[in-house]
Amino acid sequence: MTSDPGTAPAAATPIQQTVDGLAFGRFHARVLALVAAVILLDGFDIQLAAFAAPAILADWGIGSAALAPVMAASLVGMAFGTSIGGRIGDRFGRRPALIGAVLWFGAAAILTALCTDVTSFSILRFVTGLGLGAAVPNATALIAEWMPVRARNYAVTVISVGVPCGGIIGAAIASWLIPAYGWPAAFLLGGALPLLLSIVMLWGLPESPILLARRGGSDDRIAAMIADAGGSAPGPFAPPPSIADGEHVFGPALRRSTIGMGIAFFAALMGVYALLSWVPVLLSGAGFPMDRAIRGAMILNLSGVTASFALTWLMLRIGSRKTLIGTVCAGAAALALWATLLHMPGASPAVILLGLALTGATILSLQVLLLTLSAHVFPVECRAAGIGYSITFGRLGAILSAFGAGVLLAQPHGRLLFFAMVAAALVILAMGAMLIDRHLPARPR
């Protein structure tokens, strides 16, 4: 928008205050639904190999250690995809980066259904991981930059639980689809749904108004989107002020928190993906039939989703530091209980699954809490990149757990070694959380 000749330039409208002051309406619900659907399918596709693992082991006549490269390959791809995707989102926009990521992992999942050996399976899981990783930082940044201030943290939590929700839905579908039609059918479905979603996103997904304001030259486009969101604000629009040296996540103002977030994500994803990747195999080895072993993954994810909302509510009231440390302690206790039950002769399946649910409620929630915190730690000019860097460090922990857990489980007393690895991850997470110096504060009473 421009001023008439001879008149003084219009005062710039702060875009952050404009977005913060909007009322949550249909526009925001649409954006949240589309982005949540992306992460839901992301979570579904992330865990497809875990759901299919018991059937693949039987189909190809291999041991669990042989699948370790497959579990690690997608996580390696996600590590690269998260870092690259965050940079692409900051440079070219959240919208094209997110749509491109969905197209990528959908097409790769369909091709995975054609695999006939571990090598081709590993390669395609790596390729799939590139798209899966690129989706998360851009989804988180877009939600953080469109939601009104009152709804922002809860909206980030909604998309954060998309991964375990995808696991819940995926486990429910896979528990009957794989025994009935074979494991390739699950990958065909896991690829077709993202391709369909990408078409809807081309129509209904907007760009970040704050990112556009920072770039400049898009006042008319921003004004139209604000109007669509139920507001009214004239241009020109002023972007949020930068913090000192905020353009770089390793600059003096952010360095300590960036390192702390990286350590915390490393440990969180190490624990989370150890469970997500190997729970069906653990339960199958404990005597659970295939369908009930896969449903165990559904219980793990469901408990994590339920607890994540409660813990986010708590975090917004008592602050993120206390909530993270308390959840780590609860996670260690739940993990010890489940390990005991799994090794206890005569323990009923229901009691074992209860221990698994408590473990999921605590350990899976940690990833959600960190993702919600990351939207607060990093400012808009480097938000997608900052979240991307943090999750990339996390993927390294996930890679270590997915590959290492397969090796550990093949050893004598392998299950005990597995639980020791997850317990070590919790200790490392607590150390990272203590290092972060940009925590969400406690809400004043």
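Basis of the calculations
- Residues numbered from 1 in each chain as written.
- Predicted model: local features only at pLDDT ≥ 70, side-chain atom pairs only at ≥ 80, totals over all residues.
- Heavy atoms only, no water.
- Helix = DSSP H or I, 4+ residues; strand = E, 2+ residues; numbered from the N terminus.
- Rg over C-alpha atoms; globule rule 2.2 N^0.38 Å.
- Buried < 20%, exposed > 50% of the residue type's maximum accessible area, 1.4 Å probe, protein only.
- Areas by Shrake-Rupley, 256 points an atom, 1.4 Å probe, with all protein chains shown as cover.
- Lys, Arg positive; Asp, Glu negative; His and termini not counted.
- Charge placed at Lys NZ, Arg CZ, Asp CG, Glu CD.
- Axes fitted to C-alpha atoms, helices over the stretch in contact; angles between N-to-C directions.
- Contact = heavy atoms within 4.5 Å.
- Nonpolar A, V, L, I, M, F, W, Y, C, P; charged D, E, K, R; others polar.
- Left-handed = near helix turned anticlockwise from the far one by under 90°.
- Salt bridge = Lys/Arg side-chain N within 4 Å of Asp/Glu carboxyl O.
- Expected span 1.5 Å × (residues − 1).
- Core = buried A, V, L, I, M, F, W, Y, C linked by side-chain atoms within 4.5 Å.
- Phe/Tyr/Trp six-rings, centres within 6.5 Å; stacked < 30°, edge-to-face > 60°.
- Lys NZ or Arg CZ within 6 Å of the ring centre and 35° of its normal.
- Polar contact = N/O pair within 3.5 Å; in protein donor to acceptor, adjacent residues only side chain to side chain.

A. Summary view of the overall build of the protein chain. Each helix and strand counted, the protein chain has 17 helices and two strands in total. The C-alpha atoms of the protein chain give a radius of gyration of 22 Å, which matches the 22 Å a tight globule of 445 residues would have. Dimensions of the protein chain along its principal axes, counting C-alpha atoms only, are 85 × 45 × 35 Å. For the protein chain, the residues scored as buried account for 58% of the 445 residues in total. About 16,700 Å² of surface is accessible on the protein chain, with carbon and sulfur atoms providing 69% of the total. Of the side-chain charges in the protein chain, 25 are positive and 17 negative, and the distance between the mean point of each set is 9 Å.

B. Examining the packing of helix H7 (residues 149–160) against helix H8 (residues 162–181) more closely. At a minimum axis distance of 5 Å, the contact between H7 and H8 shows a crossing angle of 35°. Touching Val 158, Ile 159 and Ser 160 of H7 are Gly 162, Val 163 and Pro 164, all from H8. When its residues are assigned to classes, the contact of H7 with H8 shows four nonpolar, two polar and no charged.

C. Structural detail: the packing of helix H4 (residues 68–92) against helix H6 (residues 118–146). Their axes nearest at 5 Å, the elements H4 and H6 cross at an angle of 35°. For the element pair H4 and H6, the recorded crossing hand is right-handed. Taken together, the residues of the contact of H4 with H6 sort by class into 13 nonpolar, 11 polar and one charged.

D. Main features of the pattern of salt bridges. Across all of its chains, the model carries four salt bridges by this definition. With its nearest N and O atoms 2.4 Å apart, the salt bridge here joins Arg 94 to Asp 90. The exposure class assigned to Arg 94 is buried, which follows from its relative accessible area of 0%. One salt bridge in this structure joins Glu 145 and Arg 94, with 2.7 Å as the shortest N-O distance. Of this pair, Glu 145 sits in helix H6 while Arg 94 sits in helix H5 (residues 94–112); the two residues are 51 residues apart in sequence, bridging distant segments of the chain. Each member of the pair, Glu 145 as well as Arg 94, carries the same accessibility label: buried.

E. Structural context of helix H9 (residues 183–204). Between its first and last C-alpha atoms H9 spans 33 Å; for 22 residues at 1.5 Å apiece the expected length is 32 Å, and the two agree. Of the residues making up H9, those classed as buried are Trp 183, Ala 185, Ala 186, Phe 187, Gly 190, Gly 191, Pro 194, Leu 197, Ser 198, Met 201 and Gly 204. Buried positions along H9 lie against helix H2 (26–46), helix H3 (48–60), H5, H6 and H8.

F. Here's a closer look at the nonpolar core. With 141 residues, the main nonpolar core has Leu 283, Trp 338 and Phe 418 as its most contacted residues. Of all the elements, helix H12 (residues 255–285) adds the most residues to this core, at 17 residues. With near-sequence residues (within four places) excluded, Leu 283 lies in contact with Phe 288, Ala 293, Gly 296, Trp 338, Leu 342, Ile 352, Leu 353 and Leu 356.

G. Highlighting the packing of aromatic side chains. Under the counting rule described, the total for this entry stands at nine aromatic pairs. Ring centres of Trp 60 and Trp 183 lie 5.7 Å apart, and the angle between their planes is 90°; on these two criteria the pair is classed as edge-to-face. On the criterion of sequence distance, the pair formed by Trp 60 in helix H3 and Trp 183 in helix H9 is long-range, its members being 123 residues apart. With relative accessibility at 21%, the residue Trp 60 sits in the partly exposed group. Taken together, the aromatic side chains of Trp 60, Phe 121, Trp 183 and Phe 187 make up a single cluster linked through ring pairs. In this arrangement the basic side chain of Arg 30 is found over the ring face of Trp 203, its NZ or CZ atom lying 5.8 Å from the centre.

H. Main features of the environment of Leu 416. Within the secondary structure, Leu 416 is located in helix H17 (residues 414–435). Judged by relative accessible area, Leu 416 falls into the partly exposed class, the value being 48%. Here the alpha-carbon distance between Leu 416 and Ala 405, two residues 11 residues apart in the chain, equals 11 Å.

I. View of H6. Between the first and last C-alpha of H6 there are 42 Å, a value that for 29 residues agrees with the 42 Å anticipated at 1.5 Å per step. By the criterion of burial, H6 is predominantly enclosed, with 22 of the 29 residues buried. A side-chain oxygen of the first residue of H6 lies 3.1 Å from the backbone nitrogen of Thr 119; this N-cap is Asp 117.

J. Examining unusual backbone geometry more closely. A positive phi angle, close to 60°, is found at His 413, a residue other than glycine. Mapping His 413 onto the fold places it in the loop between helix H16 (383–409) and H17.

K. Focus on the side chain of Thr 18. Along the chain, the position of Thr 18 falls in helix H1 (residues 15–20). Excluding anything up to four places from it in sequence, Thr 18 contacts Thr 13, Ile 226 and Ala 233.

L. Expanded view of the side chain of Asp 45. Considering the arrangement of structural elements, one finds Asp 45 in helix H2. Of the side chains bearing the opposite charge, Arg 125 lies closest to the buried Asp 45, which forms no salt bridge; the N-O distance is 5.9 Å. Setting aside residues no more than four positions away along its own chain, Asp 45 makes contact with Phe 105, Ala 109, Arg 125, Leu 132, Gly 190 and Pro 194.

M. Quick peek at the environment of Leu 426. Within the secondary structure layout, Leu 426 lies in helix H17. For Leu 426, a relative accessible area of 5% gives the class buried. Through-space distance from the C-alpha of Leu 426 to that of Ser 218 is 45 Å; in sequence the pair is 208 residues apart. Residues in contact with Leu 426, not counting those within four places in the same chain, are Val 328, Gly 331, Ala 332, Ile 363 and Leu 366.

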